[in-house]
Amino acid sequence: MKIAITSEGKTLSSKVDDRFGRAPYFIIVDTDTLGYKVIDNIAASQTSGAGTKAAEILINEGVKALISSNLGSNAREVLKAANIPVYKAVAGDVRNNVEIFLKNRLEREI
């Protein structure tokens with residue numbers, strides 16, 4: 001399964017970004033192989049609608065879950081309509097959040 005995590009950097013050791021629509025990167029991790037790819041969040045520079053555009057980017061990438069914080073209501077509705085659950089990120093790096101997700105210990109928001 002492909003999951004996305006908002007990130008401040010381009011590696012698994014990067015800090016999770018607390019923002020969704022304005023996070024500079026999304027790291028998409030394959031939970032079966034733990035391989036990953038980095039997506040530049042082109043929506044982050046938009047003057048409005050960044051969350052909605054970011055949600056569309058993840059939908060187009062085939063993501064099945066999101067780990068993040070501080071989603072706006074419009075982004076939340078787009079992800080909910082696409083049946084993509086959102087899990088609340090914990091402080092720390094991307095790798096730690098993936099590990100906690102795989103243990104089913106992250107709080108599900110939607």
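In short, a report on the structure. Quantities reported herein were computed from a predicted structural model and do not represent experimental measurements. (Residues numbered from 1 in each chain as written. Predicted model: local features only at pLDDT ≥ 70, side-chain atom pairs only at ≥ 80, totals over all residues. Heavy atoms only, no water.)

Describing the sheet that holds strand E5 (residues 86-88)
Taken together, the five strands give an open sheet; going across it, the order is E3-E2-E1-E4-E5, and neighbouring strands pair in mixed fashion. Unpaired on one side and paired on the other, strand E3 (36-40) and E5 mark the two borders of the sheet. Pairwise comparison of adjacent strand axes, ignoring direction, gives a mean angle of 25° for this sheet. The pairing of strand E4 (residues 65-68) with E5 spans three bridges and is parallel. Paired with Ser-68 across the bridge in E5 is Lys-88. The strands touched by helix H3 (residues 94-102) within the sheet are strand E1 (2-7), strand E2 (25-30), E4 and E5, with E1 carrying the most contacts at an inclination of about 145°. (Pairing = 2+ DSSP bridges. Helix = DSSP H or I, 4+ residues; strand = E, 2+ residues; numbered from the N terminus. Axes fitted to C-alpha atoms, helices over the stretch in contact; angles between N-to-C directions. Contact = heavy atoms within 4.5 Å.)

Let's talk about the side chain of Asn-97
Looking at the secondary structure, you find Asn-97 in helix H3. By relative accessible area, Asn-97 is classed as buried at 0%. Those residues in contact with Asn-97, other than ones at most four positions away along the chain, are Val-16, Ile-67, Ala-89, Val-90, Gly-92 and Leu-106. (Buried < 20%, exposed > 50% of the residue type's maximum accessible area, 1.4 Å probe, protein only.)

What about the packing of aromatic side chains?
Scanning all chains against the criterion turns up two aromatic pairs. Taken together, a centroid distance of 5.7 Å and an interplanar angle of 45° make the contact between Phe-20 and Phe-26 tilted. (Phe/Tyr/Trp six-rings, centres within 6.5 Å; stacked < 30°, edge-to-face > 60°.)

Notes on unusual backbone geometry
The residue Asn-70 is not glycine, and still its phi comes out positive at about 55°. By the secondary structure assignment, Asn-70 is in the loop between E4 and helix H2 (73-81). Phi angles above zero are rare outside glycine, and Asn-104 is one such case at about 60°. Within the secondary structure layout, Asn-104 lies in the segment after H3. Under the relative-accessibility criterion, Asn-104 is labelled exposed at 70%.

Digging into the packing of helix H1 (residues 50-60) against H2
Where H1 contacts H2, the axes come no closer than 8 Å and their chain directions differ by 25°. As far as their axial angle goes, H2 and H1 are roughly parallel. Remark: the crossing between H1 and H2 carries right-handed chirality. Residues Gly-51, Thr-52, Ala-55 and Ile-59 of H1 pack against Asn-74, Ala-75, Val-78 and Leu-79 of H2. For the contact of H1 with H2, the class distribution of residues is five nonpolar, three polar and no charged. (Parallel < 35°, antiparallel > 145°, perpendicular 65-115°, else oblique. Left-handed = near helix turned anticlockwise from the far one by under 90°. Nonpolar A, V, L, I, M, F, W, Y, C, P; charged D, E, K, R; others polar.)

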